[in-house]
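Secondary and tertiary structure notes
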Amino acid sequence: MTTPVPTLPADVAGQTRAERMRQPLALDVITATAEQHGVCVRPFTMEVGDRDTGELKYVGVPCGSTVESQCGPCARKARALRMVRCREGWHLTEEPDFAPEPPTADQTALLAYRADLVASYLHAVGEQQAGDVDELREEIHSVDDELRALGMRGRLPNPDGPGERTPNRSTRRRQDAPNLPRRKVENRTLGREFAGRFRPSMFVTLTCDSYGRVRDDGTPVDPASYDYRRAARDAVHFASLVDRWWQNLRRCVGWDVQYFATVEPQKRVAPHLHTALRGSIRHEVLRQVTAATYLQVWWPAHDELVYGGDRLPVWDGERFIDPGTRQPLIEWADAIEAVEEPAHVATFGVQVHSKGILGGTDQAGRHIGYLTKYLTKTVGEVVEASSERQRQHHDRLHEELSVTPCSSRCAVWLLYGIQPLGATRKTTPGHCKNRAHRRTTLGLPGRRVLVSRKWSGKTLADHRADRKRFVLEALAALGIEKPEPDRTRLVWFKVEPGDPNVPPRAHLLMHAIAQRIRWRAEYDAALLAAQPPDVSATPPQAA
Ligand SMILES: [Zn+2]
Ligand SMILES: [Zn+2]
């Protein structure tokens with residue numbers, strides 16, 4: 001876009017003021033350079049002290065954003081890491097090792113101590129020694145925290161006993177997929193091998209049902225008959241429907257199918273799921289499982305709004321009441337008890353795309369790129385409307401999402417005359433802050449990458465450490481030793497707002513760029529010498 005430039009007197013250097021105004025600012029140049037070198041463009045500052053030398057200094061810590069419009073280098077790095085994770089799990093040939101390590105002596109000693117504490121606690125409860133009870137309960141919690149810090153998983157029994165059980169729901173609420181064959185799920189996560197060497201895996205796309213015909217731009221052909229209500233409810237419950245699909249699939253094929261999946265908006269702004277799935281499953285089976293999978297939402301009916309506009313329930317100090325009759329609204333538990341049929345049933349669309357893919361091929365690489373393509377964008381950036389018609393479509397969907405309850409604690413329930421769980425005087429009827437109701441995200445989930453527990457047998461942090469180790473090994477092969485600094489000596493401090501000694505952002509960026517250039521040069525030399533197997537890795541950000 002060009003703006004008309006008024007004629008201005010030339011200054012001493014022969015430039016007009018407008019010309020000077022158009023020159024980039026120093027910080028912009030530095031930021032662009034940081035981008036080029038893959039250095040975080042908006043690091044935050046921390047102060048780090050060395051226990052041994054007493055030295056204190058300010059360091060820039062990468063922001064770690066996953067969104068490119070916030071920080072390109074951090075977002076691209078985060079995406080690259082997820083691609084590695086996707087690739088490592090997709091065609092795994094050996095079961096990931098999940099055998100738990102035996103408990104350590106520290107863990108068993110602490111557990112014995114906890115058992116004593118619980119005995120004293122129960123005694124104090126029996127004797128009604130309130131002070132002791134509180135103190136002991138706190139001590140038990142702190143021991144539990146310590147056990148978790150020592151790497152113990154799972155939960156220990158509550159010292160107050162099992163508590164009140166919620167009554168079992170009657171069988172009418174069971175959600176089997178009765179038309180599917182059922183097998184016992186074996187404890188294996190790998191697919192079958194074919195011809196002694198091929199181990200294909202799958203790429204599958206699942207969509208939501210149809211809500212009415214749409215044009216190429218995703219907008220309805222007939223907005224009046226497009227089923228916005230079902231579209232909104234399906235979006236809110238999409239993640240649960242997907243969970244059910246995995247359960248049904250595992251039941252049907254008889255092994256513990258693993259996945260790396262991303263949820264993205266389609267043009268019509270309905271969520272869809274792309275997934276890399278380990279092992280090979282017949283297309284026919286995937287289609288059957290999809291057709292048989294449904295999710296029943298056993299919530300109170302919410303088809304007719306009871307309140308709205310100026311007429312809203314009011315808080316009487318304890319609960320919400322009707323503004324006219326002053327009668328309390330129905331409690332959540334009572335409303336649930338009275339439910340006779342599901343408020344909503346979600347199903348998938350009939351189209352199921354599935355494809356067998358061999359590991360290590362270009363095709364596998366392309367699909368990993370496809371799966372992770374939009375991860376550096378926010379949902380809002382992906383679904384941005386570019387025409388009036390799309391804007392209207394989004395507005396209409398948003399309107400429906402504003403009256404669609406997202407959970408049992410959602411303040412939207414108050415509009416239907418029901419007190420949600422956890423309602424307080426701060427609850428505003430109809431105003432729930434959860435992202436399901438936002439105009440920018442249109443019901444799409446915040447967690448867009450879903451990875452099953454036994455995918456690669458590694459966490460993101462493990463993959464990050466792998467990459468760092470790989471670079472260090474490449475450097476070591478060339479004789480460049482990068483000893484890991486002894487981090488136990490370091491103490492990290494938050495920088496107080498207004499600390500006058502904090503270096504400006506430009507300094508942090510310049511320092512990081514210089515460090516990166518030095519690393520890069522060393523790394524390139526090491527790469528040439530060592531010929532590592534994976535040239536797509538980039539050097540880790542030096543801390
Ligand atoms: Zn960053
Ligand atoms: Zn809500």
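Here is a short report on the structure shown in this document. If you're wondering where the values come from, they're calculated on a predicted model, not measured in any experiment.

1. Some points on the overall build of the protein chain
Regarding its fold elements, the protein chain presents 13 helices and 13 strands. If you line up the protein chain on its principal axes, its C-alpha atoms span 80 × 75 × 65 Å. Evaluated residue by residue, the protein chain yields a buried proportion of 39% over its 543 residues. Considering only contacts in the protein chain between residues 6 or more positions apart, those separated by 24 or more positions represent 74%. Accessible surface, the protein chain as shown: approximately 31,800 Å² in total, 51% of it carbon and sulfur. Taking the average place of the 76 positive charges on the side chains of the protein chain and the average place of its 69 negative ones, the gap between the two points comes to 7 Å.

2. A few points about the coordination of the zinc ion (ligand 2)
Coordination of the zinc ion (ligand 2) by the protein is provided by Cys406 (SG), Cys410 (SG), Cys432 (SG) and His437 (NE2), with metal-donor distances spanning 2.1 to 2.3 Å. For the zinc ion (ligand 2), the 4 donor atoms in the first shell make angles of 104 to 114° at the metal, so the coordination geometry reads as tetrahedral. Taken in chain order, the donor set of the zinc ion (ligand 2) reads C-x3-C-x21-C-x4-H. Of this pair, Cys406 sits in the loop between helix 11 (388–401) and strand 11 (418–419) while Cys432 sits in the loop between strand 11 and strand 12 (449–451), and the two are 26 residues apart along the sequence. On the basis of relative accessibility, which here comes to 15%, the residue Cys406 falls in the buried class. On the basis of relative accessible area, Cys432 is assigned to the buried category, the value being 17%.

3. Structural notes on the pattern of salt bridges
The tally for this structure, following the rule as stated, stands at 28 salt bridges. The partner of Asp145 in a salt bridge is Arg148, and the shortest N-O contact between them spans 3.2 Å. Here Arg148 and Asp145 lie together in helix 5 (residues 130–149), a separation of 3 residues that amounts to about one turn. For Arg148, a relative accessible area of 43% puts it in the partly exposed group. Several salt bridges converge on common partners, so that one network encompasses Arg229, Arg233, Asp303, Arg396, Glu399 and Glu400.

4. Here's the deal with the coordination of the zinc ion (ligand 1)
For a metal with four tetrahedral donors the ideal donor-metal-donor angle is 109.5 degrees, whereas six octahedral donors ideally subtend 90 or 180 degrees. Protein coordination at the zinc ion (ligand 1) comes from Cys40 (SG), Cys63 (SG), Cys71 (SG) and Cys74 (SG), with a distance range of 2.2 to 2.3 Å. In this structure, the zinc ion (ligand 1) is coordinated by 4 donor atoms arranged in tetrahedral fashion, with angles at the metal of 106 to 112°. Counting residues between consecutive donors of the zinc ion (ligand 1) along the chain gives the motif C-x22-C-x7-C-x2-C.

What counts, and at which threshold
- Residues numbered from 1 in each chain as written.
- Chains lettered and ligands numbered in written order.
- Predicted model: local features only at pLDDT ≥ 70, side-chain atom pairs only at ≥ 80, totals over all residues.
- Heavy atoms only, no water.
- Helix = DSSP H or I, 4+ residues; strand = E, 2+ residues; numbered from the N terminus.
- Buried < 20%, exposed > 50% of the residue type's maximum accessible area, 1.4 Å probe, protein only.
- Contact = heavy atoms within 4.5 Å.
- Areas by Shrake-Rupley, 256 points an atom, 1.4 Å probe, with all protein chains shown as cover.
- Lys, Arg positive; Asp, Glu negative; His and termini not counted.
- Charge placed at Lys NZ, Arg CZ, Asp CG, Glu CD.
- Donors = N, O, S within 2.8 Å, 3.2 Å for Na, K, Ca; no water.
- Tetrahedral: all angles 85-135°; square planar, octahedral: opposite > 155°, others 65-115°.
- Salt bridge = Lys/Arg side-chain N within 4 Å of Asp/Glu carboxyl O.

From the geometry alone we can't say anything about function, so treat these as descriptive.
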